[in-house]
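# A structural walkthrough
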Amino acid sequence: MGLGMGLIGPTILKLREQTNSTLDQLGYVFFTRAFGFLGGTVFAGIIVDHFVLLGRTFLTLTILIMCLVILIMPLIKNVFLLIFVQLMWGITAGMVDNLVQILTLRHYGQHQVGPYIQAVHGAFGIGAFLSPLIVAPFLNKHRKFDQWHYAYWIIGFLHIPNLIWILFYAIRDECCLKKSVETNVTIENDKFVSEDDDNKQSIGVIVSNDPTNLPSSSKIRPFRIILIISSLSLFLLLHDGSESAFGAYLHTYASLHLNFLKDIAAYLNSAFWASFAFGRLCRIPLSTKLSSFQMIFIDLIGCISSLVLLFIFNKSSTILWISSILFELSIASIYPSTIFYTEEHIKLTGKRMSMLTVGASTGGAVIPLLIGF
């Protein structure tokens, strides 16, 4: 997901040339990607709750589709077809995002899950950091022919080892063991019905500790759940919109406003995502010492400071480097910290995770579109 996310920014001007379109038309690329991401997260949230034992199988199929979409993307010469293909990538990315987080919460549910969530999002940052580095050599102005499409094919083929690895776990943990797990669940349910009231309580605890069963939030008032989900969805709308817009237009801003060479602007894009990856990875040990609320508060101070600095010194290329790195270091861990913060107050199911990501995806769709105009 990180490889695909970091790929679009450095190549947006090449896509404009290939499709003979304008920048405001390509603004719809970011909109449809985010809109597809929204739909993908909602759909994944439904299926991961309904088909509890097939999470890894759905993840495997989703990554396969994502791989194929990236491979065909540089061959498209029509802007409307490009927008449709980007929509497909957004749907698959949204499904990957939701499935991975829910599977992580289920697998590590008996531990302090914060560091594991930070690590998952750190992996996204590593992919987004590597992507512009792969693209940059193919954007060098000294090359006789455009070879930027090779970067898409390299990244597409990089999905294959990951795909095989997850397929192995899907076969081992779901396809082969599905019948035995279903049999065990049936036996446990029969025991639960046949025992007296005292034994019901103890068996109920055993069943709830199974990673395929999410603990209940029945003790929390529905109004409080709605308030937490809606307010944090709005918060993630602003967060994801800021992060997506900054990452998507940084290359274009540096090239057109400060006259960066295209390959140098790609390295700036890579530095942006490198700080993103480093920011998330270094939060893994911090998340064991600081609360999720403290981490969010500190990160927001860093975000505001970097944007103010960039606004005041908007003609300085040095300040652009510094502000970009500081901004991404700060904003990097807000999303996983917010997920962890939510998990501390209510139990996150696939559908509740989808409601959070609806807010994030809406911001990722609307704010870059407005900047495109």
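Residues numbered from 1 in each chain as written. Predicted model: local features only at pLDDT ≥ 70, side-chain atom pairs only at ≥ 80, totals over all residues. Heavy atoms only, no water.

An unreviewed UniProt entry lists the protein chain under the name Major facilitator superfamily domain-containing protein 4A, from Rotaria sordida. A UniProt comment under Subcellular location (unreviewed entry) is attached to the protein chain, and it reads "Membrane". (UniProt positions renumbered as here; feature names shortened; annotations may be inferred.)

What follows concerns the overall build of the protein chain. On a plain count of helices and strands, the protein chain comes out with 14 helices and zero strands. Looking at the 373 residues of the protein chain, the share that counts as buried comes to 49%. In the protein chain, once contacts between residues fewer than 6 apart in sequence are set aside, the share between residues at least 24 apart is 82%. Of the roughly 17900 Å² that the protein chain leaves accessible, carbon and sulfur atoms contribute 69%. (Helix = DSSP H or I, 4+ residues; strand = E, 2+ residues; numbered from the N terminus. Buried < 20%, exposed > 50% of the residue type's maximum accessible area, 1.4 Å probe, protein only. Contact = heavy atoms within 4.5 Å. Areas by Shrake-Rupley, 256 points an atom, 1.4 Å probe, with all protein chains shown as cover.)

The full count for this structure, using the stated rule, is three salt bridges. Asp299 is paired through a salt bridge with Arg283; the nearest N and O atoms lie 2.7 Å apart. Linking Asp299 in helix H11 (residues 292-312) with Arg283 in helix H10 (residues 262-286), this pair joins segments that are 16 residues apart in sequence. Each of the two residues, Asp299 as well as Arg283, counts as buried. Here Lys347 and Glu343 are joined by a salt bridge, their closest N and O atoms 2.6 Å apart. The class of Glu343 is buried, set by a relative accessible area of 15%. (Salt bridge = Lys/Arg side-chain N within 4 Å of Asp/Glu carboxyl O.)

Okay, the packing of aromatic side chains next. Aromatic ring pairs are described here by two measures, namely the spacing of the ring centres and the angle between the planes. For the structure shown, the criterion picks out eleven aromatic pairs. Each ring, one from Phe138 and one from Tyr150, has its centre 6.1 Å from the other, and the planes form 65 degrees; the classification is edge-to-face. Here Phe138, found in the loop between helix H5 (114-135) and helix H6 (149-175), pairs with Tyr150, found in helix H6; they are twelve residues apart in sequence, far enough to count as distant. Exposure remark for Phe138: the relative accessible area of 16% places this residue in the buried category. Between the aromatic rings of Trp165 and Tyr169, the centroid separation amounts to 5.4 Å while the plane-to-plane angle is 80 degrees, which identifies the pairing as edge-to-face. Taken together, the residues span about one helical turn, with Trp165 and Tyr169 both in helix H6 at a distance of four residues. (Phe/Tyr/Trp six-rings, centres within 6.5 Å; stacked < 30°, edge-to-face > 60°.)

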